[in-house]
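# Analysis of the macromolecular model
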Amino acid sequence: MDKVMSNRLVAALYVLPALLLLLVLVYIPIVLTGYYGLMQWDGIGAMTFIGLDNYTRLLQDSTFWQSANHTFLLALFSALSLIGYLMIALVLSGKIKGANLFRKIYLIPMLLSSVAIAQLWLKIYHPSNGVLNTFLEAIGFSNPPAWLAEPSLVLYALFVPILWQYAGFYILIYYAALKNIPESLVEAARIDGANPWQIAFRIKLPLITEVIKVTVVLAVVGSLKYFDLIYVMTDGGPNGSSEVMASYMYRQAFRSFDFGYGSAVGFFLLLICLVVTWLLRKATASKDTIEYS
Amino acid sequence: MSKKTLAMLLSWTLVLAVILSGCSSTGSGGGSESGSNGSGEGGTTDGKVTLKFMHLWPAGSSAQQNKLVNDIIQQYQTDNPNVTIKQEVLENEQYKNKLKILSASNELPDVGVTWAAGFLEPYVKGNLFAPLDELLNGSLGEKFIAGTTEAYAVDSKTYALPIELNISPIYYNKAIFAKYNLQPPATYDEFLNVLKTLTENGEVPIALGNKDRWTGSLWYMYLANRVGGDALEKAISGSGKFEDPALTQAAAEVQKLVDMNAFNKGFNGLSNDEGKSEFMNEKAAMYLMGTWELPNFTTNPDIPQEFKDKVGFFKFPTIDGGKGDINSWVGGPGVGLFVAQNSKVKEEAQKFVQYFVEKWGESSVTEAGVIPATKVDTAAVQLPQLYIDLLNELNQASSLTLFADVQMKPAAAQVHLDMIQALFGKAVTPEDFVKNHQAAIDKGN
C-alpha cells in the first residue's frame, strides 16, 4: 500500500478528480467574474469591453462604500460575539448540570434553513403584532420602533438573528476543542492549587488558540460575504440602510441588469476577503504553538 | 464525549454524507432535466412534443389563477394528445430572477410570462423572444381590447400577448368607513379628511407594504397624475423633464401623507403580502392595489364571505387645480405570454399561447375573477358586483398609465424603486427625488 501511494503518478491520479471539480466549480468562475467585471453587459445581449471603468466607478460609488461599511460592522460584531460563544463553551465543557440540554438548545438554530430563520424573525419583528413589540407594549413602552423599517435600527436588528444563527456552530467547535484537552492537564493544575478561572484562562484557552484563530477567520470572512438573511428580511432596505456588499452585488447584477458592474463588485469582494484573511493570519501568527504532550 | 462515541459519530456522518450526496445527485439530475430547454428529449421525436411553461401563479398565493392554468393545460393536452406541458411555477420575485438567469444561459422555457415595455425590451434586444405578430393577424387579433398589445411591441413587432388588464382602485372597508360616518372621497380634500378622522380615532387608514417598493410607487404615480396629468409619462419617455414642478409637488404630497400617519406602522419594512394582510384582517381601512387582487375580494373560497361583502372601492380622488381627471387610472396590461426564440418547438408553443389566451379570456372572468386583456361579454355570465363595477370603470377610463417600474428600463426602474422607498422613509427631499430620477433616465439604461 505504502509503495503504491508513494508513486507520484498514483498520487496525482487520486488528487485529480477533486482538483478538476474545484477548478471548474470555483477557480474558473472566479476568473470569469474578474473578466466580466471589465465588461459592460446586461446579461443578455452582447458584451462591450470597457477596461477598468467598472472598478473606478466602484471606488467612487458612495452606496457601495455604505454597504461595505455595513459589512465591516457585521464582521466586527461577529468577531466580538466569538468571545461570548467561547465563554458559553467554557461553562458547558465544565461539569455543570444540564450541559447536554444547553448544547442542544444552542445548536437548534443551526438546523433551520436561513429562510426559515428569516421568516421566524420577521414575525418577531413585525411592527404591530410581532412578539417583540407586543412584549414591549405589555411592559409599558407605548410606541416601540418598527425594527426593520427604521434606517438607524435595521442593521442591528438584523445582526441579532445572524449572530443567533451561527452561535451553535462556534459553540460546538469550541466545545469540541475544549473537550479534547486531556483531563490530566486540568487535574495537574487543580492539584497545584489553580482556581477555575486560572484553569480556564491559563490552561484551557492557550491550548485551543489555534482553534480560536480559525474561528476568527471563519467568522470574519463569513460576515464579509454574508447575504441570505438580509436578502429575505429587508432586501437591503429601507433606503439601503441594511445593504451589505453581497446584496449590493446581487442588486446590481440581477435587478439593474448590470452584470458587468455586479461582477466587479463580486471580484472586489473576493479581493477584500483574501486581504482580510491574509491580514488575520499575519496578525495571529505565532512561532511557538502550545501543544499538549 | 468519549473517543469511541466521537469515532462512531464521525463514521455515521460519513455514511450519511454518502447517502445524502447520492440523493442530491439524483435530485439534481431530475432538476437539470426539467430546467433544460424544451430541446433534446423534449423535442419532436415521433410526434410527441413536450412544452415547458413557466408561470407565476403558485397554488398557494394565486389559488384561482393556478386552478385555471391547470384546467387549460389539461384541456389542451386532451385536445392534443401528442403534447405534454411541463409547468414550472414560481412566486413573482423569484420568477423575475429565474427568468434573468435562464436568459443569461439562453435556456428560457418554450412559453413563459413576461411584463410589458421596459421590462420586455432587453429580452427582445437580446433576441430571446419570438415575434408573435402572426397570431395577431389571425382571429385572435380582434379579441384584444384596443391598446393592450401595443405595450408588448418593440419596433412595431409584438413579442408577447397580454392576458390581463389591470387598473388600480383604492379598496376600502365599508364597515370601518360606516363606523365613522365616512363616505368614499371624490376630492383630495375629502380624502385627507377621511385620513384625519381615521387617525384621530386610532384606526390605521392605509395598508401598505413598501419593502417591495412598487407598492409605494402606485401612490406616487397617482399623485403625479392628479397634479400634473401626463407629466410623469413624459418625463419617463424623455419628452419631458422630471424637474416638472408637478412631479416635485407629488413627491412632497407623499411625505405629507407619511407625516399624517396615513400608512400602517413600519410599512418600509413590510412586504406587500404583509401590508395586504393588514387590510384583509380589517386592521387598515384602505388598500391601493391592482385588480389582480379582485379574486380575494370576490371568488376566492378561502376568504370569508363576511369580509368580501365589506370591500368596496373608489377612484383616486382629484386634486384641486390639478391636471389629472378622475377617470385616468394607473394600470395597464399586466403579464403576457412569450415564446422563446430558440425554442425547438416554436410552432407548438405558439399554438399553445393562442389557445391559452383564448381560454383564459373566456374563463378567467368567471373562474378566477381577474380581468383578461381580451373582450368580455358580461351579459352572458353571472359576476360579482364589485367585478362588474370595476369592469365598467375600465370601459370609461380616459387614460391608463403603465406602472412606472415597468415603463422604465431596468437600471432606471431600480433607481425609481429605491427612491420611492427613500421618499416614503423621508430619507430624500422631493427635490433630490426628482433630480435622481432625471439622472437615472438621462443615463438611458
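Presented here is an overview of the structure given in this document. In this text, all values refer to a predicted model and were calculated from it rather than measured experimentally. (Residues numbered from 1 in each chain as written. Chains lettered and ligands numbered in written order. Predicted model: local features only at pLDDT ≥ 70, side-chain atom pairs only at ≥ 80, totals over all residues. Heavy atoms only, no water.)

## Some remarks on the overall build of chain B
Along chain B, the regular secondary structure elements total 19 helices and 14 strands. By residue count, 55% of the 445 residues in chain B fall in the buried class. Here chain B displays about 18,500 Å² of accessible surface, and carbon together with sulfur accounts for 52% of that area. (Helix = DSSP H or I, 4+ residues; strand = E, 2+ residues; numbered from the N terminus. Buried < 20%, exposed > 50% of the residue type's maximum accessible area, 1.4 Å probe, protein only. Areas by Shrake-Rupley, 256 points an atom, 1.4 Å probe, with all protein chains shown as cover.)

## Some details on the pattern of salt bridges
Enumeration over the complete set of coordinates arrives at 23 salt bridges over all chains. Of the charged contacts, one joins B:Arg213 and A:Asp235 as a salt bridge, the two residues approaching to 3.3 Å between their closest N and O atoms. Of this pair, B:Arg213 sits in the loop between β9 (204-206) and α9 (214-228) while A:Asp235 sits in the loop between α12 (228-233) and α13 (245-255), on two different chains. Of the two residues, B:Arg213 and A:Asp235, both sit in the buried class. Across the pair B:Lys426 and B:Asp259 runs a salt bridge, and its minimum N-O distance is 2.7 Å. Of this pair, B:Lys426 sits in the loop between α18 (410-424) and α19 (430-443) while B:Asp259 is found in helix α11 (residues 245-259), placing the two residues 167 residues apart along the sequence. A single network of salt bridges, built from pairs that share partners, joins A:Asp235, A:Arg255, B:Arg213 and B:Asp418. (Salt bridge = Lys/Arg side-chain N within 4 Å of Asp/Glu carboxyl O.)

## Examining the interface of chain A and chain B
Counting residues at the interface gives 30 residues for chain A, matched by 27 residues for chain B. Interface area for chain A against chain B, summed over the two sides, is near 2,500 Å², with a carbon-plus-sulfur share of 52%. Interface area lost by chain A to chain B is led by A:Ile44, A:Asn239 and A:Phe257, which between them contribute 24%. On inspection of chain A and its partner chain B, the count reaches one salt bridge. Counting every contact that joins chain A to chain B gives ten residue pairs in polar contact (both at pLDDT 80 or more). At the level of secondary structure, the elements contributing two or more residues to the side of chain A that touches chain B comprise α12 and α13 of chain A. Of all the elements, α13(A) adds the most residues to the side of chain A that touches chain B, at four residues. In terms of residue class, the side of chain A that touches chain B is made up of 15 nonpolar, eleven polar and four charged. (Contact = heavy atoms within 4.5 Å. Buried area = accessible area lost by both parts, 1.4 Å probe. Polar contact = N/O pair within 3.5 Å; in protein donor to acceptor, adjacent residues only side chain to side chain. Nonpolar A, V, L, I, M, F, W, Y, C, P; charged D, E, K, R; others polar.)

## Details of the sheet that holds strand β7 (residues 165-167) of chain B
Residues and elements named next belong to chain B. The sheet built from three strands is open, its strands ordered β7-β12-β14 with mixed pairing. Each of the sheet's edge strands pairs with one partner strand only, and the pair in question is β7 and β14 (399-402). Here the strands of the sheet are splayed against their neighbours by 40° on average, with no regard to which way each runs. Sheet topology note: the strand β12 (residues 328-333)/β14 ladder contains four bridges and is parallel. Bridge pairing in β14 places serine 328 opposite serine 399. (Pairing = 2+ DSSP bridges. Axes fitted to C-alpha atoms, helices over the stretch in contact; angles between N-to-C directions.)

## Regarding the pairing of strand β8 (residues 170-173) of chain B
Residues and elements named next belong to chain B. Neither face of β8 is open: one carries Ile170 and Tyr172, the other Tyr171 and Asn173, and all of them are buried. Bridging between β8 and strand β10 (residues 284-288) involves three bridges; their strand directions are antiparallel. Looking at the pairing, tyrosine 171 lines up with tyrosine 287 of β10. As judged from the four bridges shared by β8 and strand β11 (residues 311-314), these two strands associate in the antiparallel manner. Pairing of isoleucine 170 across the sheet is with phenylalanine 314, part of β11.

## A look at the side chain of B:Thr298
Looking at the secondary structure, you find B:Thr298 in the loop between α13 (294-297) and α14 (305-308). Setting aside chain neighbours within four positions, we find B:Thr298 in contact with B:Lys308, B:Pro384 and B:Leu386.

## So, the pairing of strand β3 (residues 111-114) of chain B
Looking along a regular strand, one sees side chains alternate from face to face of the sheet. Residues and elements named next belong to chain B. The alternating pattern of β3 places Val111 and Val113 on one face and Gly112 and Thr114 on the opposite face, and all of these are buried. In this sheet, strand β13 (residues 336-339) lies alongside β3 in antiparallel orientation, the contact comprising four bridges. Each residue of the ladder has a partner; that of glycine 112, found in β13, is phenylalanine 338.

## Things to note about helix α15 (residues 346-368) of chain B
Its 23 residues give α15(B) an end-to-end C-alpha distance of only 28 Å, which falls more than 12% under 33 Å, the value for a rise of 1.5 Å per residue. When the local axis directions of α15(B) are compared, the greatest deviation, roughly 40°, occurs at B:Glu362. (Expected span 1.5 Å × (residues − 1). Bend = angle between axes of the 7 residues up to and from the residue.)

## A closer look at the environment of B:Pro301
Residues and elements named next belong to chain B. Positionally, proline 301 belongs in the loop between α13 and α14. Sequence spacing of proline 301 and glutamate 142 is 159 residues, and the spatial spacing of their C-alpha atoms is 33 Å. If we ignore the near neighbours within four places in the chain, the residues touching proline 301 are Gln64 and Lys308.

## Examining empty space enclosed by the protein
In total, this model carries two cavities of 30 Å³ or more according to the counting rule given. If you add up the space inside the largest cavity, you get close to 50 Å³. Contributing to the lining of the largest cavity are A:Leu122, A:Tyr125, A:His126, A:Pro127, A:Ala146, A:Trp147, A:Leu148, A:Ala149, B:Gly266, B:Gly269, B:Leu270 and B:Glu274. Here the second largest cavity is characterised by a volume of approximately 40 Å³. Residue lining of the second largest cavity: B:Met221, B:Asn225, B:Gly229, B:Asp230, B:Leu232, B:Glu233 and B:Thr401, and that is the complete set. (1 Å grid on protein atoms, 1.4 Å probe; cavity = no way out; pocket = protein on both sides within 12 Å on 5 of 7 lines; lining within 4 Å. Points joined across faces, edges and corners; volume = space filled by probe spheres on them.)

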